Amino acid sequence: MIAKLKNLGPGLLFAGAAIGVSHLVQSTRAGADFGMGLIWALLLVNLFKYPFFQFGPRYATATGESLLDGYKKLGKGILMTYFLLSLATIFTIQAGVTIVTAGLASSLFGDFLGIEAWTIIIIFICLILLIIGKYKLLDRLMKIIILTLTISTLAAVSIALFNNENAVSLHQVLPENTLEISFLIAFMGWMPAPLDIAVWQSLWSIEKNKETQQYNTKSALFDFNVGYLGTIFLGVGFVLLGTLVMYHSGETFSNSASVFSGQLIGMYTTNLGDWAYIIIGIAAFTTMFSTTLTTLDASPRSMEKTTQLLFKNASKFNYAFWITLLSIGTICIFLFLASEMGLLIQIATILSFITAPFYAIINYKLISSKHTPEAWRPSGYIHVLSVLGIVFLVGFSIWYLTTL
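This text gives an overview of the structure that appears in the document. Being a predicted model, the structure only gives us computed values, none of them experimental.

Within the fold, Thr-291 resides in helix α12 (residues 277–310). Through-space distance from the C-alpha of Thr-291 to that of Val-97 is 6.8 Å; in sequence the pair is 194 residues apart. Once you skip the residues sitting within four places of it in the chain, Thr-291 turns out to touch Gly-16, Ala-17, Ile-19, Gly-20 and Val-97. Here Gly-16 takes part through its backbone oxygen, which lies 2.9 Å from a polar atom of the side chain of Thr-291.

Time to look at a nonpolar patch on the surface. On the surface, a nonpolar cluster with roughly 570 Å² of combined accessible area is contributed by Ile-121, Phe-124, Ile-125, Ile-128, Ile-131 and Ile-132. Note that Ile-132 resides in helix α7 (residues 115–163). The exposure class of Ile-132 is exposed, given its relative accessible area of 67%.

This paragraph deals with the nonpolar core. By size, the foremost hydrophobic cluster in this structure holds 125 residues, and its most contacted members are Phe-53, Tyr-71, Phe-187 and Met-188. When residues in this core are grouped by element, the largest group, 16 residues, is from α7. With residues near it in sequence (within four places) discarded, Tyr-71 still touches Ile-78, Leu-79, Tyr-82, Val-199, Tyr-359, Ile-362, Asn-363 and Leu-366.

Helix α15 (residues 356–367) packs onto helix α6 (residues 76–109) with a crossing angle of 150° between their chain directions and a minimal axis gap of 12 Å. As the angle between them shows, α6 and α15 are arranged roughly antiparallel. Considering how the two elements wind past one another, α6 and α15 form a crossing that is left-handed. Contacts from Ile-78, Thr-81, Tyr-82, Leu-85 and Ser-86 of α6 reach α15 at Phe-358, Tyr-359 and Ile-362.

This next bit is on the pattern of salt bridges. Evaluated as defined, the whole model comprises 5 salt bridges. Residues Lys-305 and Asp-69 are paired through a salt bridge, measuring 3.5 Å at the closest nitrogen-oxygen approach. Taken as a pair, Lys-305 in helix α12 and Asp-69 in helix α5 (residues 67–74) lie far apart in primary sequence, 236 residues in all. You can call Lys-305 partly exposed: its relative accessible area is 24%. By relative accessible area, Asp-69 is classed as buried at 16%. When the shortest N-O distance is used, the salt bridge between Lys-210 and Glu-207 registers 3.5 Å. Here Lys-210 pairs with Glu-207, and both are found in helix α9 (residues 197–212), just 3 residues apart, close to one helical turn.

To continue, consider helix α10 (residues 217–246). For α10, which comprises 30 residues, the first-to-last C-alpha distance of 43 Å matches the rise-based estimate of 44 Å (1.5 Å per residue) to within 8%. A large share of α10 lies buried, amounting to 22 of its 30 residues. Backbone nitrogen of Lys-218 and a side-chain oxygen of the N-cap are separated by 3.3 Å at the start of α10; the cap is Asn-216.

The rules behind each value
- Residues numbered from 1 in each chain as written.
- Predicted model: local features only at pLDDT ≥ 70, side-chain atom pairs only at ≥ 80, totals over all residues.
- Heavy atoms only, no water.
- Helix = DSSP H or I, 4+ residues; strand = E, 2+ residues; numbered from the N terminus.
- Contact = heavy atoms within 4.5 Å.
- Polar contact = N/O pair within 3.5 Å; in protein donor to acceptor, adjacent residues only side chain to side chain.
- Patch = residues over 30% accessible without salt bridge, like charges linked within 9 Å, V, L, I, M, F, W, Y side chains within 5 Å.
- Areas by Shrake-Rupley, 256 points an atom, 1.4 Å probe, with all protein chains shown as cover.
- Salt bridge = Lys/Arg side-chain N within 4 Å of Asp/Glu carboxyl O.
- Buried < 20%, exposed > 50% of the residue type's maximum accessible area, 1.4 Å probe, protein only.
- Core = buried A, V, L, I, M, F, W, Y, C linked by side-chain atoms within 4.5 Å.
- Axes fitted to C-alpha atoms, helices over the stretch in contact; angles between N-to-C directions.
- Parallel < 35°, antiparallel > 145°, perpendicular 65-115°, else oblique.
- Left-handed = near helix turned anticlockwise from the far one by under 90°.
- Expected span 1.5 Å × (residues − 1).

Right, here's the structure in full:
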């Protein structure tokens with residue numbers, strides 16, 4: 001068990017990337033607007049997405065290569081599709097997580113700088129950390145961040161429950177109108193994370209094995225399960241916080257990054273007291289900063305690998321090229337959409353949800369194929385869950401598109 005705990009890494013990186021906008025923003029908003037009525041959606045989407053995320057570290061540690069190498073084996077067209085979908089989403093996803101981080105920085109450290117200035121500072125700091133620290137820094141930092149977030153969230157939920165005088169209703173609801181359905185799709189789109197993070201985790205798993213030489217398939221699956229259960233647990237916690245503090249209060253979350261961030265931190269301090277403002281503010285900021293950091297590392301890492309596999313003489317499109325392009329693109333988006341955080345996140349999460357069936361199908365096809373060693377192909381119940389998951393994701397995507 002001690003050896004397994006020492007090998008924790010990519011699973012916690014997954015948690016660090018996932019526990020961000022989907023939890024701090026979407027889950028608290030779900031609790032504020034619907035109470036505990038969308039817990040069914042949170043649990044269902046986590047259940048049905050589980051195998052497709054798990055296939056990332058499973059395939060990487062069983063074969064020694066990333067999912068991207070596997071996609072190419074399935075057909076160059078599949079890898080090209082991944083490349084085009086990534087181009088369509090990496091900028092909005094990076095902008096979505098960074099704008100929340102910048103808003104938290106403004107609320108926590110002072111609004112003497114605008115959101116745009118905080119964005120540039122945060123992107124620059126992330127660039128320096130990734131250039132100097134690389135994977136080792138991500139691996140070590142995430143253990144501290146996840147522990148800090150878990151403790152602070154548990155404390156906030158416990159005190160909120162203790163101070164709550166009304167019974168918490170577990171009555172489940174199904175959104176009916178277009179706005180409610182749009183929120184439901186956005187909520188599930190990034191809960192716990194976009195499915196393409198499976199690609200990122202396969203790349204992180206390879207890096208982890210290079211570092212330790214002991215990160216085998218069994219330890220990778222244990223690592224992943226720890227991180228995944230943590231994201232579910234904290235997701236429920238944030239919905240509960242939104243319910244206890246915001247539901248039926250008459251207050252709604254703002255689409256302005258700085259205003260929303262103030263509301264978010266205020267949600268914690270309402271329950272813990274003003275003395276906790278700095279502590280909780282730092283915890284929330286660190287959480288979003290970790291998401292910004294992991295996405296800024298993973299997207300360029302995956303795009304570098306993809307261009308190497310797709311194109312000859314692609315050495316110019318290396319990690320440095322993609323991380324620079326992503327940083328500049330993120331900053332440019334802020335110049336035009338800084339005041340529309342809600343719209344930006346809505347676009348990114350919806351794109352993530354409607355592309356989820358693609359990733360689910362190809363991940364399942366790859367892990368079940370001859371390219372995966374037979375000993376590590378999915379068991380019977382994982383096969384059943386995968387098929388049900390694909391039906392679920394395709395069905396909800398069609399439901400959303402027909403309601404537009």
